[in-house]
Amino acid sequence: MNIWKKPLKTGLKDDGYPWDWTTMAAFMGKETRKTHARLVAKSQGIWAGEGLFEAAVGISREMGFPFEIHCSFHNGKEFKIGTVLAEWEGSAKGILVLERPVLNLVSYACGVATATRRLVDKVAAKGLK
C-alpha cells in the first residue's frame, strides 16, 4: 500500500471538499469537464513526492474524477525556482478537489528533504562521518 494514501484521504476529509460551495457551483452539471494544470516550484529544494502523485491518481479514480499526473522527478533530485515539477491532466473536479491536500503534503515532504540535504552537506563539508 502506498504510504501517502492515508494522509491524502485525511487531508480530503479535513478540507471538507463535499461541502465546498465553490467546487459544487463550478461543476454543477459539468462533472466530466477536463483540464490541464501545472505544479511550478516557488522556491528551490529537493524533491520528495514521488509516491504522493501515484496515491493522488488512485484516489481520483476511486472518487470517480480521474486524472493523471506526469512528473519526471525522482526523490532526492534538486529543483530550482520556476521548474515545472508536474503536469496534471484529466477531471477538473478531481484536480480541484485533490490539489490542496497534495500541495500541503508535497510542500511539507520537500521541506523536510531540503533541510535534511542541507544538514548532510554541512556534515560532509566538515569531513565528519
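As the structure is a computational prediction, the values presented were derived from the model and not from experiment.

**Topic: the environment of Ala92**
Then, in step 1: Within the element layout of this structure, Ala92 appears in helix H4 (residues 92–125).
Then, in step 2: Residues Ala92 and Ala37, spaced 55 residues apart in sequence, show a C-alpha to C-alpha distance of 9.0 Å.

**Things to note about the nonpolar core**
Then, in step 1: Leu8, Trp47, Phe53, Phe67, Ile69, Trp88 and Val102 are the most contacted members of the largest nonpolar core, which totals 30 residues.
Then, in step 2: At the level of elements, helix H1 (5–15), helix H3 (50–63), strand E3 (67–70), strand E5 (84–91) and H4 are the ones that each hand at least two residues to this core.
Then, in step 3: For this core, the element with the highest residue contribution is H4, accounting for nine residues.
Then, in step 4: Beyond its immediate chain neighbours, meaning those up to four positions away, Val102 contacts Leu8, Leu52, Phe53, Ala56 and Trp88.

**Thoughts on H3**
Then, in step 1: Three or more residues of H3 are buried, namely Leu52, Phe53, Ala55, Ala56, Val57, Ile59 and Ser60.
Then, in step 2: Residue Gly64 follows H3 closely and has a positive phi angle near 90°.

Calculation rules
- Residues numbered from 1 in each chain as written.
- Predicted model: local features only at pLDDT ≥ 70, side-chain atom pairs only at ≥ 80, totals over all residues.
- Heavy atoms only, no water.
- Helix = DSSP H or I, 4+ residues; strand = E, 2+ residues; numbered from the N terminus.
- Core = buried A, V, L, I, M, F, W, Y, C linked by side-chain atoms within 4.5 Å.
- Buried < 20%, exposed > 50% of the residue type's maximum accessible area, 1.4 Å probe, protein only.
- Contact = heavy atoms within 4.5 Å.

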